[in-house]
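Residue-level structural notes
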Amino acid sequence: MIKIERREDCSGCTACASICPVDAITMRPDAEGFQYPKVNEKKCIECHLCERVCPIANRKVEQVKKQDAYLFQLKNKTLRMESTSGGAFTAIATQVIREGGVVYGAAYDEDLQVIHMRADSIEDLRKFRNSKYVQSNLGNVFREIRDLLKENQKVCFSGTPCQVEGIKSFLGKLCITDNLLLVDFVCHAVPSPLFWRKYIHWQEKRLSVKIGNVRFRDKRHYGYKYSQMVITDENGGERYHQGVESDPYLRAFFSNLSDRPSCYSCAFKKRYRESDITLWDCFDVGLKAKTLDDDLGTTNILVQSERGAEWIAKLKDDVMIPIEANKCVAGMRELVRSVPQAENRAAFMKDVADKDMQEIINIWLPVNLRIKMKTFLRHGLIDLGLYSFLKKLLMKRRLNRNFDSSY
Ligand SMILES: Cc1cc2nc3c(=O)[nH]c(=O)nc-3n(C[C@H](O)[C@H](O)[C@H](O)COP(=O)(O)OP(=O)(O)OC[C@H]3O[C@@H](n4cnc5c(N)ncnc54)[C@H](O)[C@@H]3O)c2cc1C
Ligand code: SF4
Ligand code: SF4
Ligand code: SF4
């Protein structure tokens, strides 16, 4: 039976719990709020399926293959604004629904916890738009998808690379069907659902509202290149917006303090993946295709399989520019390298487990002079119209320092 000796060796993909024929495995949160499998030894029949299905214990060797790549923008600007980058995911999922399929992705439940859900209509895809920087709870989704595939239903599953490898491993031979489309993205890491819950309660208290929605990457204030964490109330009224340098949740995330242990030595960071399509942000669109640089968002699309190519070929209504795959992935560190673990992560996460959000902020994320200066500087650069220009220079530097031409 599966045994987790080191926390970093489990991404919480649920493949083991889903495959167990006697339901001996349940996913339970640890003190940091991340889900891990827990085996009921009395129920276990020692079939070893859980060990065989684990995508970390049975790491796939990366297979170099031909890849096509595109820059993508939805023509519908409202939907592009709602999306994280160029809205490629919405375009792909819409096509799946048009063909009678169903789509699975990450959305909020009524308590704003991030869970994987199903969408059956184009309108319902709205709940998936915009990245949620929290580990999603997969629940029983792998088994649901297996049952749908057995009924010959078309299914698109989107998720982190570890979730995609997990479902692929769980489905086994059932994957060999044109009815399944697997979409992943370049994944920085996923933060703790417990930290997220504490942040939401803290915001509700200080804003004195019932929060209706949170958008991690809202572009309405300062555009795509400086997107904001935006909180709206139940009536859709905006109550809060802060950037990556000042919002405490985003600061912890981008300081690599709050991520799942497996994210710091991720087994799924690679260019040639098990998914059919890989998506990510195109902040350097000005260097790749100047005419697309409208600061409303562009998605990089990397096609990983023939099945992915067939679906991408159907996206004819929107802006899609082919680009050489090596050029598309150049400089994209998060595609292939894990983020470094912050030195003080263990102490931070201990406080996440034990303290309330205000105490955590006071200790770890105070709004000091440095933070105020950073915010002031960013806003000043935006007002002077220099922010986009400087970000472009930074992207250029990153490309020039490109670590390996094969990436
Ligand atoms: C946790 C996380 C980390 C990311 N890190 C990077 C990065 O380092 N660099 C980069 O360039 N891009 C990163 N991305 C991808 C990027 O944010 C966009 O999702 C991508 O550009 C596609 O944008 P889109 O406009 O096509 O669709 P979007 O509007 O982003 O569509 C949302 C899709 O993402 C899925 N999704 C959202 N949140 C989650 C979640 N918590 N777990 C699983 N699936 C989720 C939804 O189900 C949906 O399929 C990350 C995304 C997430 C969720
Ligand atoms: S060995 Fe088999 S029965 Fe035991 S926990 Fe694993 S899958 Fe379940
Ligand atoms: S990575 Fe997935 S399959 Fe492996 S132990 Fe963790 S939850 Fe189970
Ligand atoms: S960084 Fe790796 S382990 Fe962490 S969520 Fe992303 S794919 Fe999974």
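Thresholds, definitions, all that
- Residues numbered from 1 in each chain as written.
- Chains lettered and ligands numbered in written order.
- Predicted model: local features only at pLDDT ≥ 70, side-chain atom pairs only at ≥ 80, totals over all residues.
- Heavy atoms only, no water.
- Helix = DSSP H or I, 4+ residues; strand = E, 2+ residues; numbered from the N terminus.
- Rg over C-alpha atoms; globule rule 2.2 N^0.38 Å.
- Buried < 20%, exposed > 50% of the residue type's maximum accessible area, 1.4 Å probe, protein only.
- Contact = heavy atoms within 4.5 Å.
- Areas by Shrake-Rupley, 256 points an atom, 1.4 Å probe, with all protein chains shown as cover.
- Lys, Arg positive; Asp, Glu negative; His and termini not counted.
- Charge placed at Lys NZ, Arg CZ, Asp CG, Glu CD.
- pLDDT = per-residue confidence, 0-100.
- Near = heavy atom within 4 Å.
- Nonpolar A, V, L, I, M, F, W, Y, C, P; charged D, E, K, R; others polar.
- Pairing = 2+ DSSP bridges.
- Axes fitted to C-alpha atoms, helices over the stretch in contact; angles between N-to-C directions.
- Salt bridge = Lys/Arg side-chain N within 4 Å of Asp/Glu carboxyl O.
- Core = buried A, V, L, I, M, F, W, Y, C linked by side-chain atoms within 4.5 Å.
- Domains from an automatic or database assignment.

The secondary structure content of the chain amounts to 16 helices and 13 strands. For 407 residues, the compact-globule estimate of 2.2 N^0.38 gives 22 Å, and the C-alpha radius of gyration of the chain, at 21 Å, lies within 12% of that figure. Along the three orthogonal principal directions, the C-alpha set of the chain runs to about 65 × 50 × 45 Å. The buried share of the chain, taken over its 407 residues, is 55%. Relative to all contacts within the chain whose residues are 6 or more apart in sequence, the contacts with residues 24 or more apart total 71%. When the accessible surface of the chain is summed, it comes to about 18,800 Å², and 51% of that surface belongs to carbon and sulfur atoms. Where the 65 positive side-chain charges of the chain centre and where its 53 negative ones centre are 3 Å apart.

With 98% of its residues at a pLDDT of 70 or more, the chain shows a mean pLDDT of 94. Note on residues 403–407: pLDDT under 50 across the span, and 15 contacts to partners over four residues away in sequence or across chains.

Turning next to the site of ligand 4. Around ligand 4 sit Pro161, Cys162, Cys187, Ala189, Val190, Ser262, Cys263 and Cys266, and that is every residue in its neighbourhood. Among the residues making up the shell around ligand 4, the classes are represented as 7 nonpolar, 1 polar and no charged.

Quick look at the pairing of strand E11 (residues 277–281) now. Burial analysis of E11 places 5 of its 5 residues in the buried class, the great majority of the element. Where strand E7 (residues 180–185) meets E11, 3 bridges bridge the pair, whose relative direction is parallel. The residue of E11 that forms the bridge with Val183 is Ile277. As judged from the 5 bridges shared by E11 and strand E12 (residues 299–303), these two strands associate in the antiparallel manner. Pairing of Thr278 across the sheet is with Leu302, part of E12.

Glancing now at the sheet that holds strand E5 (residues 114–119). Taken in spatial order, the 8 strands of this open sheet run E5-E4-E6-E7-E11-E12-E3-E13, and their pairing is mixed. Edge positions in the open sheet fall to E5 and strand E13 (319–323), since each of these has one partner strand only. Between one strand axis and the next, the sheet turns through 25° on average, direction left out of account. As paired elements, strand E4 (residues 102–108) and E5 share 6 bridges and run antiparallel to each other. Within the sheet, the bridge partner assigned to Ala107 lies in E5 and is Ile115. Sheet strands in contact with helix H5 (residues 141–150) are E4, E5, strand E6 (155–158) and E7, and its direction is about 160° off that of E6.

It is worth spelling out the sheet that holds strand E8 (residues 211–218) at this point. Either a parallel or an antiparallel arrangement is found when strands of a sheet pair, and the pairing is made through backbone hydrogen bonds. Pairing is antiparallel across the open sheet formed by 3 strands, whose spatial order is E8-E9-E10. Each end of this open sheet is capped by a strand with a single partner; those strands are E8 and strand E10 (238–242). The average undirected angle you get between the axes of adjacent strands in this sheet is 15°. For E8 and strand E9 (residues 228–233), the ladder comprises 5 bridges, and the chain directions are antiparallel. By the bridge assignment, Asn213 is partnered in E9 with Thr232. Across the sheet, helix H7 (residues 193–207) lies against E8, E9 and E10, angled at about 115° from E8, the strand it touches most.

The next subject is the pattern of salt bridges. Using the criterion set out here, one finds 29 salt bridges in the structure. Lys66 is the partner of Asp68 in a salt bridge, and the nearest nitrogen-oxygen pair spans 2.9 Å. What makes Asp68 partly exposed here is its relative accessible area of 29%. The class of Lys66 is exposed, set by a relative accessible area of 67%. Lys270 is the partner of Glu165 in a salt bridge, and the nearest nitrogen-oxygen pair spans 2.8 Å. Separated by 105 residues along the polypeptide, Glu165 in helix H6 (residues 161–171) and Lys270 in the loop between helix H8 (248–254) and E11 bring together distant segments of the chain. For the pair Glu165 and Lys270, a shared accessibility class is recorded, and that class is buried. Bridged by salt links that share partners, the residues Arg6, Glu8 and Asp9 form one connected network.

Turning our attention to the site of ligand 2. Around ligand 2 sit Met1, Cys20, Pro21, Val22, Ile25, Val39, Cys44, Ile45, Glu46, Cys47, His48 and Cys50, and those are all the residues in its vicinity. Split by residue class, the shell around ligand 2 holds 10 nonpolar, 1 polar and 1 charged.

One finds Trp196, Tyr199, Val214, Phe216, Met229 and Phe348 to be the most contacted residues of the largest nonpolar core, which totals 40 residues. Among the secondary structure elements, those contributing two or more residues to this core are H7, E8, E9, H8, helix H13 (345–354) and helix H14 (357–364). Of all the elements, H7 adds the most residues to this core, at 7 residues. Taken together, domain 1 (7–53) and domain 2 (64–407) each give at least three residues to this core, which thus spans both. In terms of nonpolar packing, the next biggest core, distinct from the first, is built from 35 residues, Val102, Phe142, Leu148 and Leu182 among them.

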